[in-house]
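Inside the fold
Each chain, written out:
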Amino acid sequence: MAPVNEQPRETATDLAHPEWVRRLNLFGDAVGDPNRLISLDADELLAVAQQSTGLTDSSSDDDWETGYRQLVEHLDARAGLTVLGRLSARAEIIRNLQTRLRLADYWRAHPDVFDEEIVEPVFIVGPPRTGTSILLELLARDPGLRPVVAHEAHFPLGPLPGVDRTASEVSEPEQEFWADIHPDFQAMHELRADLPCECVHFVQPEFRSWHWSMMFDLNDVPGRTTPEANQAIYRFHRQFLQTLQHRDGHPSRFLLKTPAHLGFLPELFETYPDALVIFTHRDPLKFIGSSANLTGVLHWMRSDDVDLSIRGPIMAAVYEILLGGAMQQRIAGAVPAEQITDVHFRTLMADPVATIEEAYAALGVPFHESMRSSIPAYLESKPKGKFGIHRYDPARLGLDESSLRAQFSDYIEHYGVELEHT
(Lines give C-alpha, C1' and ligand atoms only; values in the text may rest on other atoms or scores of the structure.)
Protein backbone atom coordinates (compact mmCIF):
# COMPACT_ATOMS: atom_id res chain seq x y z
CA MET A 1 0.00 0.00 0.00
CA ALA A 2 1.27 3.49 -0.82
CA PRO A 3 2.50 5.57 2.12
CA VAL A 4 0.06 8.14 3.42
CA ASN A 5 1.07 11.76 3.84
CA GLU A 6 0.49 13.24 7.26
CA GLN A 7 -2.48 15.51 6.55
CA PRO A 8 -5.28 16.91 8.70
CA ARG A 9 -8.33 14.69 8.44
CA GLU A 10 -10.58 16.05 5.71
CA THR A 11 -14.25 15.28 6.09
CA ALA A 12 -17.14 16.13 3.84
CA THR A 13 -17.72 19.25 5.91
CA ASP A 14 -14.62 20.70 4.21
CA LEU A 15 -16.51 20.53 0.91
CA ALA A 16 -19.23 22.99 0.05
CA HIS A 17 -22.77 21.84 -0.59
CA PRO A 18 -24.91 24.08 -2.80
CA GLU A 19 -27.01 26.35 -0.61
CA TRP A 20 -30.26 24.53 -1.36
CA VAL A 21 -28.71 21.20 -0.31
CA ARG A 22 -27.34 22.70 2.91
CA ARG A 23 -30.74 24.13 3.81
CA LEU A 24 -32.60 20.93 2.97
CA ASN A 25 -30.28 18.88 5.16
CA LEU A 26 -30.77 21.32 8.05
CA PHE A 27 -34.37 20.12 8.28
CA GLY A 28 -32.92 16.92 9.71
CA ASP A 29 -31.08 18.81 12.43
CA ALA A 30 -34.21 20.87 13.09
CA VAL A 31 -36.14 17.76 14.15
CA GLY A 32 -33.15 16.05 15.73
CA ASP A 33 -32.52 13.30 13.20
CA PRO A 34 -33.10 12.94 9.43
CA ASN A 35 -34.77 9.56 9.96
CA ARG A 36 -37.70 11.34 11.58
CA LEU A 37 -38.42 12.93 8.21
CA ILE A 38 -37.51 10.19 5.73
CA SER A 39 -38.27 6.59 6.64
CA LEU A 40 -36.06 3.72 5.53
CA ASP A 41 -37.95 0.68 6.79
CA ALA A 42 -37.60 -2.49 4.72
CA ASP A 43 -41.18 -3.69 5.26
CA GLU A 44 -42.70 -0.29 4.53
CA LEU A 45 -40.60 0.25 1.39
CA LEU A 46 -41.57 -3.17 0.06
CA ALA A 47 -45.24 -2.48 0.84
CA VAL A 48 -45.06 0.81 -1.10
CA ALA A 49 -43.55 -0.96 -4.11
CA GLN A 50 -46.17 -3.71 -3.97
CA GLN A 51 -49.06 -1.29 -3.61
CA SER A 52 -47.82 0.97 -6.41
CA THR A 53 -47.42 -1.92 -8.86
CA GLY A 54 -50.25 -4.16 -7.68
CA LEU A 55 -47.71 -7.01 -7.58
CA THR A 56 -46.47 -9.07 -4.66
CA ASP A 57 -44.24 -11.83 -6.03
CA SER A 58 -40.77 -10.45 -6.68
CA SER A 59 -38.83 -13.64 -7.43
CA SER A 60 -38.53 -17.33 -6.71
CA ASP A 61 -35.05 -16.52 -5.40
CA ASP A 62 -35.39 -15.70 -1.70
CA ASP A 63 -31.74 -14.72 -1.30
CA TRP A 64 -32.30 -11.31 -2.89
CA GLU A 65 -34.56 -10.29 0.00
CA THR A 66 -31.91 -11.13 2.61
CA GLY A 67 -29.48 -8.84 0.82
CA TYR A 68 -32.18 -6.19 0.45
CA ARG A 69 -33.02 -6.18 4.14
CA GLN A 70 -29.37 -6.08 5.19
CA LEU A 71 -28.79 -3.10 2.91
CA VAL A 72 -31.80 -1.13 4.13
CA GLU A 73 -31.04 -1.84 7.77
CA HIS A 74 -27.51 -0.55 7.31
CA LEU A 75 -28.61 2.59 5.44
CA ASP A 76 -31.22 3.35 8.06
CA ALA A 77 -29.11 2.84 11.17
CA ARG A 78 -25.43 3.11 10.35
CA ALA A 79 -24.79 5.05 7.11
CA GLY A 80 -25.16 8.54 8.60
CA LEU A 81 -27.38 9.73 5.77
CA THR A 82 -28.51 13.33 5.48
CA VAL A 83 -32.07 14.31 4.62
CA LEU A 84 -31.11 14.37 0.94
CA GLY A 85 -29.19 11.12 1.32
CA ARG A 86 -32.19 9.37 2.83
CA LEU A 87 -34.54 10.82 0.22
CA SER A 88 -32.24 9.66 -2.62
CA ALA A 89 -31.85 6.20 -1.07
CA ARG A 90 -35.59 5.85 -0.54
CA ALA A 91 -36.36 6.80 -4.14
CA GLU A 92 -33.73 4.42 -5.53
CA ILE A 93 -34.85 1.53 -3.33
CA ILE A 94 -38.54 1.90 -4.17
CA ARG A 95 -37.81 2.16 -7.89
CA ASN A 96 -35.67 -0.96 -7.80
CA LEU A 97 -38.26 -2.90 -5.81
CA GLN A 98 -40.86 -1.88 -8.38
CA THR A 99 -38.56 -2.99 -11.18
CA ARG A 100 -37.95 -6.34 -9.52
CA LEU A 101 -41.68 -6.92 -9.05
CA ARG A 102 -42.45 -5.94 -12.63
CA LEU A 103 -39.65 -8.06 -14.09
CA ALA A 104 -40.78 -11.11 -12.11
CA ASP A 105 -44.30 -10.56 -13.43
CA TYR A 106 -43.00 -10.23 -17.01
CA TRP A 107 -40.96 -13.41 -16.64
CA ARG A 108 -44.00 -15.35 -15.41
CA ALA A 109 -46.02 -14.10 -18.36
CA HIS A 110 -43.19 -14.81 -20.83
CA PRO A 111 -41.26 -17.86 -19.65
CA ASP A 112 -39.56 -18.03 -23.04
CA VAL A 113 -37.49 -14.99 -21.98
CA PHE A 114 -34.94 -17.40 -20.56
CA ASP A 115 -34.59 -19.14 -23.90
CA GLU A 116 -32.97 -16.01 -25.31
CA GLU A 117 -29.31 -16.59 -26.18
CA ILE A 118 -26.90 -13.75 -25.43
CA VAL A 119 -24.24 -14.23 -28.11
CA GLU A 120 -20.71 -12.82 -27.95
CA PRO A 121 -21.42 -9.73 -25.84
CA VAL A 122 -18.64 -7.14 -25.87
CA PHE A 123 -17.49 -5.97 -22.44
CA ILE A 124 -15.32 -2.95 -21.68
CA VAL A 125 -13.36 -3.71 -18.52
CA GLY A 126 -10.70 -1.67 -16.78
CA PRO A 127 -10.18 0.66 -13.83
CA PRO A 128 -12.26 3.85 -13.67
CA ARG A 129 -10.82 6.89 -15.44
CA THR A 130 -8.95 4.78 -18.01
CA GLY A 131 -11.18 5.71 -20.94
CA THR A 132 -13.93 3.17 -20.30
CA SER A 133 -16.76 5.69 -20.55
CA ILE A 134 -15.68 7.43 -23.74
CA LEU A 135 -14.87 4.05 -25.29
CA LEU A 136 -18.38 2.86 -24.43
CA GLU A 137 -19.89 5.91 -26.11
CA LEU A 138 -17.69 5.51 -29.20
CA LEU A 139 -18.47 1.81 -29.59
CA ALA A 140 -22.15 2.69 -29.28
CA ARG A 141 -21.68 4.31 -32.74
CA ASP A 142 -21.31 0.76 -34.08
CA PRO A 143 -24.57 -0.35 -35.76
CA GLY A 144 -23.66 -3.94 -34.88
CA LEU A 145 -23.60 -3.38 -31.11
CA ARG A 146 -26.55 -2.87 -28.77
CA PRO A 147 -25.77 -0.76 -25.67
CA VAL A 148 -28.01 -0.51 -22.63
CA VAL A 149 -29.23 3.09 -22.45
CA ALA A 150 -29.53 4.71 -19.03
CA HIS A 151 -33.32 5.05 -19.06
CA GLU A 152 -33.60 1.35 -20.00
CA ALA A 153 -31.45 0.46 -17.01
CA HIS A 154 -33.88 2.22 -14.70
CA PHE A 155 -37.08 1.33 -16.52
CA PRO A 156 -36.56 -1.81 -18.64
CA LEU A 157 -40.32 -2.25 -18.98
CA GLY A 158 -41.06 1.46 -19.39
CA PRO A 159 -42.53 3.81 -16.79
CA LEU A 160 -45.10 2.56 -14.29
CA PRO A 161 -48.58 2.16 -15.77
CA GLY A 162 -50.47 5.43 -15.52
CA VAL A 163 -47.33 7.60 -15.55
CA ASP A 164 -47.75 10.03 -18.43
CA ARG A 165 -44.05 10.52 -19.14
CA THR A 166 -41.40 8.71 -21.14
CA ALA A 167 -38.81 6.43 -19.57
CA SER A 168 -36.18 9.04 -20.39
CA GLU A 169 -38.13 11.77 -18.57
CA VAL A 170 -38.72 9.77 -15.40
CA SER A 171 -35.12 8.54 -15.40
CA GLU A 172 -33.70 12.05 -15.54
CA PRO A 173 -33.68 12.78 -11.76
CA GLU A 174 -31.27 9.94 -11.05
CA GLN A 175 -29.06 11.01 -13.93
CA GLU A 176 -28.81 14.76 -14.30
CA PHE A 177 -29.95 15.54 -10.75
CA TRP A 178 -26.57 14.40 -9.46
CA ALA A 179 -24.99 17.49 -11.02
CA ASP A 180 -27.53 19.67 -9.18
CA ILE A 181 -26.44 18.11 -5.89
CA HIS A 182 -22.75 18.57 -6.73
CA PRO A 183 -22.23 21.10 -9.56
CA ASP A 184 -18.78 19.76 -10.45
CA PHE A 185 -20.04 16.20 -10.94
CA GLN A 186 -20.49 16.52 -14.71
CA ALA A 187 -16.76 17.26 -15.00
CA MET A 188 -16.09 13.97 -13.21
CA HIS A 189 -18.55 11.75 -15.05
CA GLU A 190 -21.36 12.74 -17.37
CA LEU A 191 -24.71 11.10 -16.68
CA ARG A 192 -27.65 11.48 -19.03
CA ALA A 193 -30.81 9.47 -19.50
CA ASP A 194 -30.12 8.86 -23.20
CA LEU A 195 -26.47 7.82 -22.90
CA PRO A 196 -25.25 4.21 -22.87
CA CYS A 197 -24.64 3.25 -19.27
CA GLU A 198 -22.67 0.91 -17.07
CA CYS A 199 -23.86 -2.49 -15.91
CA VAL A 200 -23.87 -1.17 -12.32
CA HIS A 201 -27.03 0.76 -13.17
CA PHE A 202 -29.14 -2.13 -14.40
CA VAL A 203 -28.15 -4.70 -11.76
CA GLN A 204 -29.43 -2.44 -8.98
CA PRO A 205 -32.52 -4.63 -8.30
CA GLU A 206 -30.07 -7.28 -7.08
CA PHE A 207 -29.47 -5.41 -3.84
CA ARG A 208 -26.09 -7.03 -3.22
CA SER A 209 -24.76 -5.57 -6.46
CA TRP A 210 -21.96 -3.09 -7.05
CA HIS A 211 -24.09 0.04 -7.38
CA TRP A 212 -24.92 0.18 -3.70
CA SER A 213 -21.28 -0.08 -2.62
CA MET A 214 -20.46 2.73 -5.04
CA MET A 215 -23.07 5.00 -3.45
CA PHE A 216 -22.61 4.07 0.23
CA ASP A 217 -19.95 2.69 2.57
CA LEU A 218 -21.08 -0.93 3.00
CA ASN A 219 -17.85 -2.53 4.20
CA ASP A 220 -19.40 -3.92 7.38
CA VAL A 221 -22.56 -5.33 5.75
CA PRO A 222 -22.34 -9.14 5.73
CA GLY A 223 -22.86 -11.37 2.72
CA ARG A 224 -22.17 -8.81 0.00
CA THR A 225 -19.03 -10.37 -1.48
CA THR A 226 -19.73 -14.09 -1.14
CA PRO A 227 -19.59 -16.44 -4.14
CA GLU A 228 -23.37 -16.82 -3.82
CA ALA A 229 -23.85 -13.04 -4.03
CA ASN A 230 -21.56 -12.83 -7.07
CA GLN A 231 -23.48 -15.61 -8.81
CA ALA A 232 -26.76 -13.83 -8.06
CA ILE A 233 -25.46 -10.59 -9.57
CA TYR A 234 -24.41 -12.25 -12.80
CA ARG A 235 -27.59 -14.32 -12.96
CA PHE A 236 -29.65 -11.13 -12.74
CA HIS A 237 -27.29 -9.46 -15.24
CA ARG A 238 -28.05 -12.16 -17.81
CA GLN A 239 -31.78 -12.18 -17.10
CA PHE A 240 -31.88 -8.42 -17.63
CA LEU A 241 -30.22 -8.70 -21.05
CA GLN A 242 -32.51 -11.59 -21.99
CA THR A 243 -35.47 -9.37 -21.11
CA LEU A 244 -34.27 -6.50 -23.32
CA GLN A 245 -33.59 -8.88 -26.19
CA HIS A 246 -37.00 -10.52 -25.78
CA ARG A 247 -38.67 -7.11 -25.93
CA ASP A 248 -36.51 -6.06 -28.91
CA GLY A 249 -37.84 -9.06 -30.78
CA HIS A 250 -34.50 -9.95 -32.37
CA PRO A 251 -31.03 -11.05 -31.24
CA SER A 252 -28.41 -8.43 -30.51
CA ARG A 253 -24.73 -8.28 -29.71
CA PHE A 254 -24.74 -6.35 -26.45
CA LEU A 255 -22.20 -3.67 -25.58
CA LEU A 256 -21.50 -3.58 -21.83
CA LYS A 257 -19.17 -1.89 -19.43
CA THR A 258 -18.25 -1.45 -15.80
CA PRO A 259 -14.95 -1.42 -13.91
CA ALA A 260 -16.61 -3.75 -11.39
CA HIS A 261 -16.21 -6.67 -13.84
CA LEU A 262 -12.46 -6.39 -13.33
CA GLY A 263 -12.76 -8.26 -10.04
CA PHE A 264 -15.03 -10.97 -11.43
CA LEU A 265 -13.62 -12.08 -14.77
CA PRO A 266 -14.10 -15.82 -14.02
CA GLU A 267 -17.77 -15.16 -13.13
CA LEU A 268 -18.19 -13.05 -16.25
CA PHE A 269 -16.89 -15.82 -18.52
CA GLU A 270 -18.85 -18.47 -16.63
CA THR A 271 -22.02 -16.49 -17.37
CA TYR A 272 -21.03 -15.55 -20.94
CA PRO A 273 -18.53 -18.17 -22.19
CA ASP A 274 -18.19 -16.45 -25.59
CA ALA A 275 -17.84 -12.92 -24.19
CA LEU A 276 -15.27 -10.61 -25.77
CA VAL A 277 -13.44 -8.22 -23.45
CA ILE A 278 -11.65 -4.94 -24.13
CA PHE A 279 -9.36 -4.24 -21.17
CA THR A 280 -8.40 -0.56 -20.77
CA HIS A 281 -5.13 0.62 -19.20
CA ARG A 282 -3.70 3.91 -17.98
CA ASP A 283 -0.99 5.31 -15.76
CA PRO A 284 -2.13 4.59 -12.15
CA LEU A 285 -1.00 8.08 -11.21
CA LYS A 286 -3.91 9.34 -13.32
CA PHE A 287 -6.69 6.95 -12.37
CA ILE A 288 -6.22 6.21 -8.65
CA GLY A 289 -6.61 9.75 -7.32
CA SER A 290 -9.39 10.63 -9.75
CA SER A 291 -11.33 7.46 -8.84
CA ALA A 292 -10.82 8.01 -5.12
CA ASN A 293 -12.13 11.56 -5.35
CA LEU A 294 -15.13 10.49 -7.44
CA THR A 295 -16.25 7.78 -5.00
CA GLY A 296 -15.65 10.08 -2.06
CA VAL A 297 -17.91 12.71 -3.62
CA LEU A 298 -20.59 10.11 -4.37
CA HIS A 299 -20.67 9.11 -0.70
CA TRP A 300 -20.52 12.73 0.45
CA MET A 301 -23.55 13.64 -1.66
CA ARG A 302 -25.52 11.34 0.66
CA SER A 303 -23.68 11.58 3.98
CA ASP A 304 -21.53 14.19 5.68
CA ASP A 305 -19.70 11.42 7.52
CA VAL A 306 -17.04 10.84 4.87
CA ASP A 307 -13.30 10.74 5.50
CA LEU A 308 -11.65 11.75 2.24
CA SER A 309 -8.12 11.30 3.60
CA ILE A 310 -8.38 7.49 3.49
CA ARG A 311 -9.88 7.26 0.02
CA GLY A 312 -6.62 7.26 -1.92
CA PRO A 313 -4.86 4.42 -0.07
CA ILE A 314 -8.04 2.32 -0.10
CA MET A 315 -8.50 2.82 -3.84
CA ALA A 316 -4.82 2.03 -4.49
CA ALA A 317 -4.98 -1.15 -2.40
CA VAL A 318 -8.19 -2.32 -4.09
CA TYR A 319 -6.87 -1.84 -7.63
CA GLU A 320 -3.47 -3.31 -6.80
CA ILE A 321 -5.34 -6.51 -5.86
CA LEU A 322 -7.81 -6.39 -8.77
CA LEU A 323 -5.26 -5.65 -11.48
CA GLY A 324 -2.81 -8.18 -10.08
CA GLY A 325 -5.52 -10.81 -9.87
CA ALA A 326 -6.70 -10.21 -13.44
CA MET A 327 -3.12 -10.35 -14.69
CA GLN A 328 -2.50 -13.70 -12.99
CA GLN A 329 -5.83 -15.12 -14.22
CA ARG A 330 -4.85 -14.37 -17.80
CA ILE A 331 -1.35 -15.80 -17.37
CA ALA A 332 -2.63 -18.96 -15.68
CA GLY A 333 -5.41 -19.52 -18.21
CA ALA A 334 -8.16 -19.12 -15.60
CA VAL A 335 -9.90 -16.89 -18.13
CA PRO A 336 -9.72 -17.21 -21.95
CA ALA A 337 -6.88 -14.86 -22.82
CA GLU A 338 -7.68 -15.09 -26.54
CA GLN A 339 -11.04 -13.43 -25.84
CA ILE A 340 -9.41 -10.40 -24.21
CA THR A 341 -7.58 -7.54 -25.90
CA ASP A 342 -5.89 -4.50 -24.38
CA VAL A 343 -6.45 -0.84 -25.19
CA HIS A 344 -4.28 1.93 -23.75
CA PHE A 345 -5.76 5.30 -22.84
CA ARG A 346 -3.09 7.38 -24.55
CA THR A 347 -3.37 5.36 -27.77
CA LEU A 348 -7.17 5.60 -27.73
CA MET A 349 -7.06 9.37 -27.27
CA ALA A 350 -4.42 9.85 -29.97
CA ASP A 351 -6.16 7.82 -32.68
CA PRO A 352 -9.53 6.41 -31.61
CA VAL A 353 -10.55 5.01 -35.00
CA ALA A 354 -7.34 3.05 -35.54
CA THR A 355 -7.26 1.87 -31.92
CA ILE A 356 -10.83 0.59 -32.04
CA GLU A 357 -10.28 -1.04 -35.44
CA GLU A 358 -7.22 -2.83 -34.06
CA ALA A 359 -9.14 -4.03 -30.99
CA TYR A 360 -11.93 -5.32 -33.20
CA ALA A 361 -9.44 -7.20 -35.35
CA ALA A 362 -7.91 -8.84 -32.26
CA LEU A 363 -11.35 -10.04 -31.14
CA GLY A 364 -12.69 -10.96 -34.57
CA VAL A 365 -15.42 -8.30 -34.48
CA PRO A 366 -16.39 -6.76 -37.84
CA PHE A 367 -15.50 -3.07 -38.05
CA HIS A 368 -18.37 -1.11 -39.58
CA GLU A 369 -17.09 1.42 -42.10
CA SER A 370 -19.53 4.08 -40.90
CA MET A 371 -17.49 4.35 -37.70
CA ARG A 372 -14.65 6.06 -39.59
CA SER A 373 -16.84 9.16 -39.74
CA SER A 374 -19.23 8.67 -36.81
CA ILE A 375 -16.46 8.41 -34.20
CA PRO A 376 -14.73 11.72 -35.12
CA ALA A 377 -18.12 13.43 -35.42
CA TYR A 378 -19.11 12.25 -31.95
CA LEU A 379 -15.82 13.40 -30.43
CA GLU A 380 -16.19 16.79 -32.08
CA SER A 381 -19.57 17.19 -30.36
CA LYS A 382 -18.03 16.22 -27.02
CA PRO A 383 -14.66 17.94 -26.66
CA LYS A 384 -12.43 17.24 -23.70
CA GLY A 385 -13.31 19.49 -20.78
CA LYS A 386 -16.81 20.18 -22.11
CA PHE A 387 -18.11 20.31 -18.53
CA GLY A 388 -14.91 21.59 -16.95
CA ILE A 389 -11.86 19.86 -15.47
CA HIS A 390 -12.04 17.30 -12.68
CA ARG A 391 -9.63 18.76 -10.12
CA TYR A 392 -8.55 17.16 -6.87
CA ASP A 393 -5.63 17.27 -4.43
CA PRO A 394 -3.94 13.83 -4.19
CA ALA A 395 -2.41 14.69 -0.82
CA ARG A 396 -5.82 15.42 0.65
CA LEU A 397 -6.91 11.97 -0.50
CA GLY A 398 -4.01 10.46 1.46
CA LEU A 399 -1.90 9.69 -1.61
CA ASP A 400 1.87 9.91 -1.93
CA GLU A 401 2.19 10.14 -5.69
CA SER A 402 5.95 9.63 -5.60
CA SER A 403 5.48 6.01 -4.56
CA LEU A 404 2.18 5.24 -6.31
CA ARG A 405 3.79 4.11 -9.55
CA ALA A 406 6.18 1.88 -7.60
CA GLN A 407 3.18 0.19 -6.02
CA PHE A 408 1.87 -0.65 -9.51
CA SER A 409 5.25 -1.38 -11.12
CA ASP A 410 4.31 -4.98 -12.01
CA TYR A 411 1.12 -3.81 -13.71
CA ILE A 412 2.91 -1.01 -15.58
CA GLU A 413 5.70 -3.31 -16.79
CA HIS A 414 3.45 -6.25 -17.72
CA TYR A 415 1.11 -4.21 -19.92
CA GLY A 416 3.66 -1.63 -21.09
CA VAL A 417 1.60 1.21 -19.67
CA GLU A 418 2.78 4.60 -20.90
CA LEU A 419 3.46 7.05 -18.09
CA GLU A 420 1.82 10.48 -18.31
CA HIS A 421 3.87 13.46 -17.30
CA THR A 422 1.29 16.21 -17.76
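All residue numbers refer to positions counted from 1 along the written sequence of the respective chain. Given that the model is predicted, a residue must reach a pLDDT of at least 70 before its local features are reported, and side-chain atom pairs must reach 80 or more before they are shown or counted; all residues, however, enter totals for whole chains, interfaces and linings. Side-chain descriptors were evaluated using all non-hydrogen atoms of the structure, hydrogens and water having been removed beforehand.

What follows deals with the pairing of strand S4 (residues 276-281). Of all six residues that make up S4, six are buried, and the element is covered over most of its length. DSSP-based pairing: two strands are paired if at least 2 bridges between them are found. We count a stretch as a helix when DSSP gives it H or I for four or more residues in a row; a strand needs E for two or more, and each element gets its number in order from the N terminus. Strand direction decides the pairing type here: S4 and strand S5 (residues 340-344), joined by five bridges, are parallel. Opposite Thr280, over in S5, you have Val343 as the bridge partner. Only protein chains enter the calculation, and the probe is 1.4 Å; a residue is then buried if its accessible area is under 20% of its type maximum, exposed if over 50%, and partly exposed in between.

Attention now moves to the layout of surface pockets. In this approach, a probe sized like a water molecule rolls over the atoms, and the result shows the empty space that is left. A 1.4 Å probe that fits into a set of points on a 1 Å grid over the protein atoms alone but cannot get out defines a cavity; an open set with protein on both sides within 12 Å along at least five of seven lines defines a pocket, and lining residues are those with an atom within 4 Å of a point. Grid points are joined across faces, edges and corners, and a volume is the space filled by probe spheres set on the points. One number sums up the size of the second largest pocket: a volume of about 370 Å³. As for the second largest pocket, its lining consists of 20 residues, and the residues nearest its centre are Ala91, Glu92, Val170, Pro173 and Glu174.

Next up on the list: the nonpolar core. Only buried residues count toward a nonpolar core. Its members are Ala, Val, Leu, Ile, Met, Phe, Trp, Tyr and Cys residues joined through side-chain atoms within 4.5 Å. Counting residues in hydrophobic clusters, the biggest one holds 91 residues, and the most contacted among them are Tyr68, Leu75 and Val148. For this core, the element with the most residues is helix H4 (residues 83-109), which contributes nine residues. It only takes one pair of heavy atoms within 4.5 Å for two residues to be counted as in contact. Those residues in contact with Leu75 that lie beyond four places of it in its chain are Leu40, Leu81, Arg86, Ala89, Ile93, Phe216 and Leu218. Among the nonpolar cores identified, the runner-up in size contains 25 residues, and Leu136, Val343, Ala359 and Tyr378 belong to it.

This paragraph deals with empty space enclosed by the protein. Applying the stated criterion across every chain, the model contains one cavity of 30 Å³ or more. There is about 60 Å³ of room inside the largest cavity. Around the largest cavity, the lining residues are Arg95, Gln98, Thr99, Arg102, His154, Phe155, Pro156, Leu157, Gly158 and Leu160. No other element matches the four residues that H4 contributes to the lining of the largest cavity. Each residue is assigned to one of three groups, with Ala, Val, Leu, Ile, Met, Phe, Trp, Tyr, Cys and Pro labelled nonpolar, Asp, Glu, Lys and Arg labelled charged, and all others, Gly among them, labelled polar. Here the lining of the largest cavity is composed, by residue class, of four nonpolar, four polar and two charged.

Attention now moves to the environment of Ala232. Tracing the backbone through its elements, the reader meets Ala232 in helix H12 (residues 227-248). Note on Ala232: relative accessible area 3%, which makes it buried. Considered as a pair, Ala232 and Ser209 are 23 residues apart in the sequence and their alpha carbons are 8.6 Å apart. Sequence-distant contacts of Ala232, that is, excluding residues within four places in its chain, are made with Glu206 and Arg208.

This part takes up the packing of aromatic side chains. Two aromatic rings, drawn from Phe, Tyr or Trp (for Trp, its six-membered ring), form a pair once their centres lie within 6.5 Å of each other, and the interplanar angle then sorts them: stacked below 30 degrees, edge-to-face above 60, tilted otherwise. For the structure shown, the criterion picks out 16 aromatic pairs. For the pair Trp107 and Phe236, a centre-to-centre distance of 6.4 Å together with 65° between the ring planes defines the contact as edge-to-face. Here Phe236 lies in helix H12 and Trp107 lies in helix H4, a separation of 129 residues in the sequence. Like Phe236, Trp107 is buried. Here Trp210 and Tyr234 contribute two aromatic rings whose centre-to-centre distance is 5.6 Å and whose plane-to-plane angle is 70°, an arrangement assigned as edge-to-face.

This part covers the packing of helix H17 (residues 352-363) against helix H18 (residues 371-381). Working note: a packed helix pair is described by the angle between its axes plus the distance between those axes. Lines are fitted to the C-alpha atoms to define the axes, a helix being fitted only along its stretch in contact, and any angle between axes, read from their N-to-C directions, falls within 0 to 180 degrees. It is at 9 Å that the axes of H17 and H18 come closest, and there the two elements cross at 130°. In this view, H17 runs oblique relative to H18, as classed from their interaxial angle. Of the two elements, H17 crosses H18, and the hand of that crossing is right-handed. In this structure, H17 uses Pro352, Val353, Ile356, Glu357 and Tyr360 to contact H18, whose residues at the interface are Met371, Arg372, Ile375, Pro376 and Leu379. Residue composition of the contact of H17 with H18, by class: eight nonpolar, no polar and two charged. Each angle gets one of four labels, with under 35 degrees taken as roughly parallel, over 145 as roughly antiparallel, 65 to 115 as roughly perpendicular, and the rest as oblique. For any helix crossing, the convention is left-handed if the near helix is rotated counterclockwise from the far helix by under a right angle, and right-handed if that rotation is clockwise.

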